Structure formats: structure tokens, C-alpha cells
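Survey of secondary and tertiary structure
In case you want the letters, here they are:
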Amino acid sequence: MTDDKLIIAGIEFNSRLWVGTGKYKDFAETKKAIEASGAEVVTVSVRRVNIIDKGKENLLDYIDPKKYKILPNTAGCYTAKDAIRTAMLAAEAGITKLVKLEVIGDEKTLFPDNEATLEAAKVLIKEGLIVLPYVSDDPIMAKKLVAIGCPAVMPLAAPIGSGLGIRNPYNLRIIMETVKVPIIVDAGVGTASDVALAMELGCDAVLLNTAIAGAKDPILMAEAMKYGVLAGRLAFKAGRIPKKLYATASSPLDGMIGS
Amino acid sequence: MIITLNGEKKQTPDNITVLGLLEFLNVQHQRVAVELNMEIVKKDVYGSTPVKEGDSLEVVSFMAGGCGAIGTIENWKLKNKDGLYYDGRQTDHCWH
């Protein structure tokens, strides 16, 4: 699988599991979980520096930007304007031009505001950023985002942090048939089989956070996710058998006793 | 002089640049991004950009995060005490 690289905007990704860094007990646990997951891409948010408590440790002291690909996000932004501002600041911090664009439309569901996302993406692409947008599992939206220059699309599997898994595998399939850019399932997966399913469908990668950070044993779940992605990817490449209603014997009839 | 820093009033030395301010604050400027009165300040002009009385600055960096915004970890755990916290025994997934 080492030659099975994912390439987005000319950037090579060695892992098809991308992980967030939120909700962990502490940075030590974050680091352990990320190591166990085998993920190479790590999402981070952009927040005000704590001026008062400067002694506080920084996430990047644990997650080495030389070892991992840091993917800043615009998490928590509810307007295109805020998301643009946040993404531009992230780019200015100087680590990467990649940004996971999310513009949230509603506090309760955390569903994306697709219209605002498209608007923000247009501006950010013009500014030279590599925009990976978090969107609904909507093929039309995916098409519009690709048309303006997004090199990948990140449709949700289910609401952020819900753990509901792949709620609409058919939409994901249609998205993959509609646009010819990598599809990264982002948000809503709950466990390793969800991740495997996404990969079996042919998605190019999965981004998750809560499913690992919220598990009883995050480190163990991180490892499970690693294998979920690998199993799903291999199964996709291998090509599954078609589903049939009736049985097909797998042993020969010849040579049976009494025949 | 008084400036607004990350939304709060802050006393700083007079006649200071962005670079000087970051040094005064003891902030590692390699990993931050700065906005001065809503405009991003490029790193190469930190040393030549003056900060004036009443200016509003935002100094941001990368923090832990996945999707959506959450409060503190404590808030998140509280929110999830009422059944939302993932528990292997309660799961009813596998509808696919």
C-alpha cells in the first residue's frame, strides 16, 4: 500500500486517514492517538494566542509540523467573512497554504452553510490558498466547488461528532461519479467499520476526530481506525463480489461421497 | 499606551512595532499570525509596522481542533453526559 498515494494539488499524502486534534484529555494523549492512527494529516483550529498564560504548552510542541501535514481549519466560523479571515490568518502563520474550509450554518446540527462555503472558497482560491471544503453530501454542491477550483471535496458522512456513520452511501457514490477530484469523507463516522465502508465505496480518505477522541480508549480506537482505512481501501481496490439473493456454492460437487 | 489585544485592553510600551510587541508579550512569532485593525500584517514587515495607541490587534496560532467549535474539554464532557457520550455498550449503529 506504500505506493497507494493520495495526491491533492500536487501534494502527496501517505495516509488516507486524517485526524483532528480536538477533544483529547491532553496533548500527550493527542500525540499518542495520532501516532497509533498512523495518520499523516492533522487538523488544527486557528485561535487567539493565550497572552496571559504564556507558560501553556502549544499543540505544535507535540505535533511536529515537519513530521505531520498540518491542516488548519476554519472551525467555528458561521459566516463566509469570518471563515475567509480565519483561513487567511492560518495561511499567514506560514506552515501551509492548505485549509479545510468550513462555514457552519446551524449550531445544533453543525451542518455546513454550503452557499457561504462556496462564496468563501472563491475568495480564498483567488488569494492562492488550497481550499478543501467541508460540505453536505450534495453532488451539485461538490460540482460547483470543483468548478471554482477546489482540488478535493470533503462531504460529511453524518453530523459532526454524531458517530452515525455513512448515512447516505449513494450520495457519496454519485459525488464520486460527478466530480473527478479526491473525495474525503469528513465528519460523522463512529467506528472502524464506518471508515472501512467509506473507503470500500471508493472515497479517497476519511477525516475524523470525535470517533477517536471520544472513544473509551482513544489510543486503541485510533489503531482500529488505521486498520479500518486500510481494510476498506484494499477491499475497494480488490473489487468486491456482486451481491446476489441466492447462494453460490464454493466447493465442487465432484467426488462427493455417495455420488 | 493602551491597545486592544485579542479582545482585551492591554498596557504596552509606547513607540513599539508589531515585532516589539510580540517580543514584549514573549510570543514566538514564527508560529503566529497577526491582524492589526482587521488587516493581516505580513511577517516580513513586523519590524517596520508601528503599533499605536488604541490599535486593535489579534494574535492567533494553531490550537487543537477537529470540526465545528467546542468550548473547553470540560464543557464538551458535560454536554455529553446525557447520553451523547460515545459508549460502546449503548451503540445502535450498523444500520448499513
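A brief look at the structure comes next. For every chain, the first residue of its written sequence is number 1, and the numbers climb from 1 along that sequence. The naming scheme follows written order: chains are lettered A onward, ligands numbered 1 onward. Owing to the predicted nature of the model, reporting of local features is limited to residues with pLDDT of at least 70; listing and counting of side-chain atom pairs is limited to 80 or more, with chain, interface and lining totals taken over all residues. As a rule here, side-chain values cover all heavy atoms of the structure and leave hydrogens and water aside.

This part takes up the overall build of chain A. A run of H or I in DSSP becomes a helix once it reaches four residues, and a run of E becomes a strand once it reaches two; helices and strands are each numbered from the N terminus. Within chain A one finds nine helices and 10 strands. Here chain A has a C-alpha radius of gyration of 20 Å; the compact-globule value for 259 residues is 18 Å, and the two agree. Dimensions of chain A, computed from C-alpha atoms along their principal axes, come out at roughly 85 × 40 × 35 Å. Taken over 259 residues, chain A has a buried fraction of 54%. Here, two residues are considered to be in contact whenever any of their heavy atoms come within 4.5 Å of each other. Sequence separation of 24 or more characterises 65% of the internal contacts of chain A that already satisfy a separation of 6 or more. Accessible areas in this description were obtained via Shrake-Rupley with a 1.4 Å probe; residue shielding takes into account the shown protein chains only. Total accessible area on chain A stands at roughly 12,100 Å², and carbon and sulfur atoms take up 55% of it. As used throughout, the charge tally considers Lys and Arg to be positive and Asp and Glu to be negative, leaving His and the chain termini uncounted. Charge positions come from single atoms, namely NZ of Lys, CZ of Arg, CG of Asp or CD of Glu. Taken as two groups, the 32 positive and 30 negative side-chain charges of chain A have centres that lie 1 Å from each other. Throughout, radius of gyration means the C-alpha value; the globule benchmark is 2.2 Å times the number of residues raised to the power 0.38. For the exposure calls, accessible area comes from a 1.4 Å probe over protein chains only, and a residue counts as buried if that area is under 20% of its type's maximum, exposed if over 50%, partly exposed in between.

Below, the discussion takes up the sheet that holds strand β8 (residues 154–155) of chain A. Residue and element names in this part refer to chain A. Whether two strands pair comes down to DSSP finding at least two bridges between them. Taking strand neighbours across the sheet as the criterion, the three strands line up as β6-β7-β8 in an open arrangement whose pairing is parallel. Whereas interior strands pair on both sides, the edge strands pair on one side only; in this sheet they are β6 (98–101) and β8. Alignment of strand β7 (residues 130–135) against β8, held across two bridges, turns out to be parallel. Across the sheet, the residue bridging to Val135 is Pro155, located in β8.

Right, let's get into the nonpolar core. All names here are of chain A. In this description, a nonpolar core means a group of buried Ala, Val, Leu, Ile, Met, Phe, Trp, Tyr and Cys residues linked to one another through side-chain atoms lying within 4.5 Å. Grouped together as the largest cluster of nonpolar side chains are 71 residues, with contacts concentrated most on Ile166, Val185, Val189, Leu208, Ile212 and Met225. It is helix α3 (residues 80–92) that provides the largest number of residues to this core, a total of eight residues. Sequence-distant contacts of Ile212, defined by excluding residues within four places in its chain, comprise Val19, Tyr24, Ala33, Ser37, Pro218, Met221, Ala222 and Met225.

Another aspect to go through is helix α1 (residues 27–37) of chain A. Residues and elements named next belong to chain A. Those residues of α1 that fall on the buried side of the exposure criterion are Glu29, Thr30, Ala33, Ile34, Ala36 and Ser37. Each buried residue of α1 sits inside an arc of 160° when the element is viewed along its axis, so together they form one side. Backbone nitrogen of Ala28 and a side-chain oxygen of the N-cap are separated by 3.2 Å at the start of α1; the cap is Asp26. Taken from the residues just after α1, Gly38 is the one with a positive phi, measuring 70°. Picture the helix axis, draw a direction to every C-beta atom, and the arc is the one those directions span. Side-chain atoms alone can form a polar contact between residues adjacent in sequence; in general such a contact is a pair of N or O atoms within 3.5 Å, and within protein one must be able to donate a hydrogen while the other accepts it.

A word on the packing of aromatic side chains. Residues and elements named next belong to chain A. Planes of paired rings set the category: under 30 degrees apart is stacked, over 60 is edge-to-face and the rest tilted, where pairs are Phe, Tyr or Trp rings (Trp by its six-membered ring) whose centres lie within 6.5 Å. Applying the stated rule across the entire model yields two aromatic pairs over all chains. Measuring from ring centre to ring centre gives 5.1 Å for Phe13 and Trp18, while their planes differ by 35°; the resulting arrangement is tilted. Across the pair, exposure class does not vary: Phe13 and Trp18 are buried alike. When the centroid spacing of 5.6 Å and the interplanar angle of 45° are considered together, the rings of Phe27 and Tyr62 count as tilted. Note that Phe27 is positioned in helix α1 and Tyr62 in helix α2 (residues 59–62), a separation of 35 residues in sequence. Counted as over-ring charges are cases with an Arg CZ or a Lys NZ within 6 Å of the ring centre that also lie within 35 degrees of the ring normal. A cation over an aromatic ring shows up here: Lys69 above the ring of Phe13, its NZ or CZ 5.4 Å from the ring centre. A cation sits over an aromatic face here: Lys100 above Tyr134, 5.4 Å from the ring centre.

On to the packing of helix α4 (residues 114–126) of chain A against helix α5 (residues 139–147) of chain A. Residues and elements named next belong to chain A. The angle between two axes is taken between their N-to-C directions and runs from 0 to 180 degrees, where each axis is a line fitted to C-alpha atoms and a helix contributes only its stretch in contact. Interaxial distance between α4 and α5 falls to 10 Å at its minimum, and their mutual angle equals 10°. Taken together, α4 and α5 sit at an angle that is classed as roughly parallel. Along the contact surface, α4 presents Asn114, Leu118 and Ala121, while α5 presents Met141, Lys144 and Leu145. Grouping the amino acids of the contact of α4 with α5 by side-chain chemistry returns four nonpolar, one polar and one charged. The cut-offs work like this: below 35 degrees is roughly parallel, past 145 is roughly antiparallel, 65 to 115 is roughly perpendicular, and the gaps in between are oblique. Each residue is assigned to one of three groups, with Ala, Val, Leu, Ile, Met, Phe, Trp, Tyr, Cys and Pro labelled nonpolar, Asp, Glu, Lys and Arg labelled charged, and all others, Gly among them, labelled polar.

We now examine the interface of chain B and chain A. Residue-level contacts link 41 residues of chain B with 50 residues of chain A. The term buried area refers to how much accessible surface (probe radius 1.4 Å) is lost by two components on association, counted for both of them together. When chain B packs against chain A, the two sides together hide about 4,100 Å² of surface, and 62% of this comes from carbon and sulfur. We count a salt bridge whenever a side-chain nitrogen from Lys or Arg sits within 4 Å of a carboxyl oxygen from Asp or Glu. Taken together, the links from chain B to chain A amount to three salt bridges. One salt bridge connects Lys42(B) with Glu92(A), and the closest N-O pair in it is separated by 3.5 Å. One can count nine residue pairs in polar contact (both at pLDDT 80 or more) joining chain B with chain A.

With that out of the way, let us pick up the pattern of salt bridges. Evaluation of the coordinates by the stated rule reveals 13 salt bridges over all chains. The salt bridge involving Lys67(A) is made with Glu35(A); its shortest N-O contact spans 4.0 Å. With a gap of 32 residues between them, Lys67(A) in the loop between α2 and β5 (69–72) and Glu35(A) in helix α1 connect regions that are remote in the sequence. For Lys67(A), a relative accessible area of 52% puts it in the exposed group. The partly exposed category is assigned to Glu35(A), whose relative accessible area is 38%. With a shortest N-O distance of 2.7 Å, Glu58(B) and Arg48(A) are connected by a salt bridge. Within this pair, whereas Glu58(B) is found in strand β7 (residues 56–64), its partner Arg48(A) is found in strand β4 (residues 41–48), the two belonging to separate chains. Classification of Arg48(A) as partly exposed rests on a relative accessible area of 43%. Each of Asp4(A), Arg16(A), Arg233(A) and Lys237(A) takes part in a single network of salt bridges with overlapping partners.

Geometry only, nothing functional implied.
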